[in-house]
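# Survey of secondary and tertiary structure
One-letter residues, chain by chain:
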Amino acid sequence: MTEPMSVDKPLPEPGTTAIVVGGGMAGLVAARELAHAGVSVTVIEASAHIGGAVAPHEVGGLVLDAGAESYATRTPVFARLAEALGLGEQLVEPSAAGAWLHFLDGRGQPKSTPLPKGALLGIPGSLDEPVLREILGRTGLLRAKLDVNLPRGVGAKARSLADLVRARMGQAVLDRLVAPVVGGVYSVSPEDLDPEEAIPGLRAAIAEHGSLSAAIAALRGKATKPGSAVGGLRGGVFQIARALRTELEELGVTLLLDTSVQTLKRTGTAWHVGTPAAQLEAQRVVVATEAHGAVELLAPLLDEASAFGEAFGAEISLVTLVVDLPELDAAPRGTGVLVAPQVSAAHPTAEGQVVRAKALTHATAKWPWLADEEGPGTHVLRLSYALPLVGGAETADGGQPSLELALADASALLGLTIRAEDVVDSDVLTWRSALSAAGLGQKAKIAALRAAVEQIDGLAVTGAWLAGNGMAAVIADAQAQAQRIL
Ligand SMILES: Cc1cc2nc3c(=O)[nH]c(=O)nc-3n(C[C@H](O)[C@H](O)[C@H](O)COP(=O)(O)OP(=O)(O)OC[C@H]3O[C@@H](n4cnc5c(N)ncnc54)[C@H](O)[C@@H]3O)c2cc1C
């Protein structure tokens, strides 16, 4: 088995104890680092399940990923951990078919095309891709191509990713390419994203290569792995949380489920962790909850935590449909469809349907292992919605998207009719996405919080709201923060 990061480091004193608050990926990975270093660890998790947003659900007899379903291959972090946990043989790549885009053309008509290849967050690395003419229209493409001739300083001081793209490539690239990808993947608007946090090295690459498209091409070229930017696990990525739990139990880690930590205090060299049933004590503590819970626990200890305010991320609803529909065997829209925000903001047209979903994943087209498991004819579709729903009550079922809405959206996005009688089973889940660490102004707050945390003996804070959303970033940060307090 591959050892965790701690292998060459001096070990802490025998008998050292630690409490990890939160049993999502961040907490489980931090607990693993500490336990491998010989620390006696207790993980306290508020819900009945470990894994947080990395969790399974059962729909139509299938065990599927309920939250995260892929990992970024930009770094080897996830694959290394999976291998260390004995899941190396389950690492898989998605189908090469790629995703599609659903947008409104220059006349306001809905259209679907494959997403251009070689882009980062929807920003094209080449403006010669033929599909760009269809997506941007003639004028939009001409404006985008100005990027190559504009002085390299244009957009250099842009505050947001949206300002940068608008300045160099124009509004059509922003609305029809960047906003759907950023919204579908990160649940935020490019207006609220810090360009350098969203794409590290972007400003320097523009200065070096002279244009935004050349900078994107160069940054894509630097990726550790060509081709698809994500990978998965045969059987679902939720297995990594289960494997972590198994290993933690083997290492003697105590897991307390259904237990919410309410207070955190320090006296002398001890941390006191308050739960409804008991006060627990340890020499080290790792706060690994999502933003809101962490801010509540840390605010009495650190003024810097209060700077995050209410600290809630966006709420999203995921509708999973298992359907019997052989027409979907041909994967008519590749691995899925990202929807430009202008589509759901539009008023109903004479044709009737306005798509409210922000993305659709055709899971059986994206993951060959899932298609093999199911056999031809049966398909898994996952639609995501930003809450509250655009369009209000008529589209909602108790605040959630209704099954009728999901069927209508899936039909419009896949270009065929899916009827209620085609549905084998369905499920609706609500998640809160992490506060975006790449959001405007977040970088300075995160740096101030991290600096303040480092001044407090035996305290570590980790999780997607600080590390950046996505398992790869979360794992790397949890390892580093746990190492810091060893
Ligand atoms: C719907 C969805 C889809 C996603 N898809 C992908 C994807 O495809 N690829 C990818 O890489 N990433 C994806 N992500 C992001 C990824 O899942 C997260 O970045 C990562 O799992 C966050 O881990 P975490 O441990 O920081 O937080 P969480 O998973 O939120 O875990 C925090 C844990 O802390 C617990 N907790 C909170 N307060 C307390 C308390 N007071 N006491 C005790 N416990 C507490 C919570 O119950 C929870 O279990 C997705 C996220 C969502 C929501």
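Residues numbered from 1 in each chain as written. Predicted model: local features only at pLDDT ≥ 70, side-chain atom pairs only at ≥ 80, totals over all residues. Heavy atoms only, no water.

The axes of two packed helices give the description: the angle between them and the distance between them. Contact geometry of helix α4 (residues 161-169) with helix α5 (residues 171-186) gives a least axis separation of 8 Å together with a crossing angle of 145°. Seen from above, α4 lies across α5 with right-handed handedness. Contacts between α4 and α5 pair L161, A162, V165, R166 and M169 from the former with Q171, V173, L174, V178 and V182 from the latter. Here the contact of α4 with α5 is composed, by residue class, of eight nonpolar, one polar and one charged. (Axes fitted to C-alpha atoms, helices over the stretch in contact; angles between N-to-C directions. Helix = DSSP H or I, 4+ residues; strand = E, 2+ residues; numbered from the N terminus. Left-handed = near helix turned anticlockwise from the far one by under 90°. Contact = heavy atoms within 4.5 Å. Nonpolar A, V, L, I, M, F, W, Y, C, P; charged D, E, K, R; others polar.)

Summarising the sheet, strand β3 (residues 56-59) and strand β4 (residues 62-65) pair through four bridges and their orientation is antiparallel. Note on β4: the bridge partner recorded for P56 is D65. What sits between β3 and β4 in their antiparallel hairpin is a turn of two residues, with G60 showing a positive phi close to 60°. (Pairing = 2+ DSSP bridges.)

Moving on to the packing of aromatic side chains. Inspection of the entire model under this criterion finds two aromatic pairs. Measuring from ring centre to ring centre gives 4.2 Å for Y71 and F78, while their planes differ by 10°; the resulting arrangement is stacked. Assessed through its relative accessible area of 8%, Y71 is described here as buried. Taking relative accessible area as the criterion, F78 reaches 0% and is therefore assigned buried. The ring of F308 is capped by K445, whose NZ or CZ atom sits 5.8 Å from the centre of that ring. (Phe/Tyr/Trp six-rings, centres within 6.5 Å; stacked < 30°, edge-to-face > 60°. Buried < 20%, exposed > 50% of the residue type's maximum accessible area, 1.4 Å probe, protein only. Lys NZ or Arg CZ within 6 Å of the ring centre and 35° of its normal.)

Turning our attention to the domain arrangement of the protein chain. When its domains are assigned, the protein chain resolves into domain 1 (5-58 + 66-70 + 239-311 + 436-484), domain 2 (100-221) and domain 3 (314-432). Between domain 1 and domain 3, the C-alpha centre-to-centre distance is 34 Å. Facing the seven residues of domain 1 at the interface are nine residues of domain 3. Here domain 1 and domain 3 share an interface that buries about 660 Å² over both sides, 50% of which is from carbon and sulfur atoms. When residues of domain 1 are sorted by the area they lose upon contact with domain 3, H57, A66 and E69 head the list and together hold 68% of the total. Inspection of the domain 1/domain 3 interface yields one salt bridge. Partitioning the side of domain 1 that touches domain 3 into residue classes produces two nonpolar, four polar and one charged. (Domains from an automatic or database assignment. Buried area = accessible area lost by both parts, 1.4 Å probe. Salt bridge = Lys/Arg side-chain N within 4 Å of Asp/Glu carboxyl O.)

Right, let's get into the sheet that holds strand β11 (residues 230-233). The antiparallel open sheet is built from three strands, whose spatial order is β5-β11-β6. Looking at which strands have only one partner, the edges of the open sheet turn out to be β5 (71-72) and β6 (91-92). Alignment of β6 against β11, held across two bridges, turns out to be antiparallel. Counted as the bridge partner of L91 is L233 from β11.

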